[in-house]
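Commentary on secondary and tertiary structure
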Amino acid sequence: MEKKIVYPRDVIYPDDQTPKQIDAVNSAEMVDSQEAAKYAALSYLGYSIPSKVVIVKDSSKNERMVRKYSYPFKISINLEGTGGPSGGLIFAIGIVEKLSPQDFMRGRKVAGTGTIDTSGIVGAIGSIDEKMIAAKKAGASIFLAPADNCKDIGHIPSGLKVYIVENLSDAISALKNPKKWCGISTSLWLAAGNCRKKFTDCTWQGIR
């Protein structure tokens, strides 16, 4: 049975911010995440994308500078009830998968997390263990996790294989050529500080 964890409210929602302010920040981070994912995915596929800096207002009427990109075609990402930047990696993978002739998903249910920047670098997120539990409950068999979160992983749900990635190219490579990547499972987890992303031998001795 998977563990459920209850956090104090101020761990998730800081006392110095109102719910409206938090929602505004989360919405802005989601928009930025989607734009970075689009740019990273198209760059990975070899597209050249011009850009310019503009000033926009968020839902609280606060102004901020953002970079706007001129994509060669329209890309829409539709998600409701979510916010923040942690979906960046999965957004980018989804775009690459849609535009690639190769079916590298091959019917597998893949989950993952991680911020992404325009160069395709995957960044750490919070609550990695909870995200893996949710992925397993949703039926995923593969989970892509940021390398910077290695030290934070305390438990991997049984039956979920985790691939540690540093960038978008790592993630696509792991999905296209899983035999060249050693997925980490419950029985082959490493202590904090010994987590590595690539292995040539998936035996315990090779990993250790």
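Residues numbered from 1 in each chain as written. Predicted model: local features only at pLDDT ≥ 70, side-chain atom pairs only at ≥ 80, totals over all residues. Heavy atoms only, no water.

**Observations concerning the pairing of strand 6 (residues 142–146)**
Note on strand geometry: in a regular strand, side chains alternate between the two faces of the sheet. Burial analysis of strand 6 places 5 of its 5 residues in the buried class, which makes it a mostly covered element. Burial of the side chains of strand 6 extends over both faces: Ile-142, Leu-144 and Pro-146 are buried on one face and Phe-143 and Ala-145 on the other. Bridge count for strand 3 (residues 110–112) against strand 6 is 3 bridges, and the pairing is parallel. Paired with Gly-112 across the strands is Leu-144, a residue of strand 6. Bridge analysis of strand 6 against strand 7 (residues 161–165) gives 5 bridges, and the strand direction is parallel. (Buried < 20%, exposed > 50% of the residue type's maximum accessible area, 1.4 Å probe, protein only. Helix = DSSP H or I, 4+ residues; strand = E, 2+ residues; numbered from the N terminus. Pairing = 2+ DSSP bridges.)

**Considering the sheet that holds strand 6**
Strands sit in the order 3-6-7 across an open sheet of 3 strands; the sheet is parallel. Strands at the two margins of the open sheet, each flanked by one partner only, are strand 3 and strand 7. Going across the sheet, the axis of each strand differs from the next one's by a mean of 25°, ignoring polarity. (Axes fitted to C-alpha atoms, helices over the stretch in contact; angles between N-to-C directions.)

**Focus on the environment of Lys-137**
For Lys-137, the location among the structural elements is in helix 4 (residues 128–137). With a relative accessible area of 57%, Lys-137 lands in the exposed category. A sequence separation of 20 residues divides Lys-137 from Pro-157, and the C-alpha atoms of the two residues are 9.3 Å apart.

**With respect to helix 5 (residues 168–176)**
Among the residues of helix 5, Leu-168, Asp-170, Ala-171, Ile-172, Ala-174 and Leu-175 are the ones counted as buried. Between the side-chain oxygen of the N-cap and the backbone nitrogen of Ser-169 there are 3.2 Å, and the N-cap of helix 5 in question is Asn-167. (Polar contact = N/O pair within 3.5 Å; in protein donor to acceptor, adjacent residues only side chain to side chain.)

**Some words on the packing of helix 3 (residues 88–99) against helix 5**
To describe two helices that pack against each other, one gives the angle between their axes and the distance between the axes. Contact geometry for helix 3 and helix 5: axes closest at 10 Å, N-to-C directions at 60°. One element, helix 3, and the other, helix 5, form an angle in the oblique class. Crossing of helix 3 over helix 5 shows right-handed handedness. Note on element contacts: helix 5 touches helix 3 through Leu-168, Ala-171, Ile-172 and Leu-175, opposite Leu-89, Ala-92, Ile-93 and Val-96. Looking at the contact of helix 3 with helix 5, its residues break down into 8 nonpolar, no polar and no charged. (Parallel < 35°, antiparallel > 145°, perpendicular 65-115°, else oblique. Left-handed = near helix turned anticlockwise from the far one by under 90°. Contact = heavy atoms within 4.5 Å. Nonpolar A, V, L, I, M, F, W, Y, C, P; charged D, E, K, R; others polar.)

**Here we look at the packing of aromatic side chains**
What the rule picks out here adds up to 3 aromatic pairs. A centroid spacing of 5.5 Å and a plane angle of 85° characterise the contact between Tyr-47 and Phe-73, whose relative ring orientation is edge-to-face. Residue Tyr-47 is located in the loop between helix 2 (19–44) and strand 1 (51–57), and its partner Phe-73 is located in the loop between strand 2 (63–69) and helix 3; the two are separated by 26 residues in the primary sequence. The interplanar angle of 35° and the centroid separation of 6.0 Å between the aromatic rings of Tyr-69 and Tyr-71 together place this pair among those described as tilted. (Phe/Tyr/Trp six-rings, centres within 6.5 Å; stacked < 30°, edge-to-face > 60°.)

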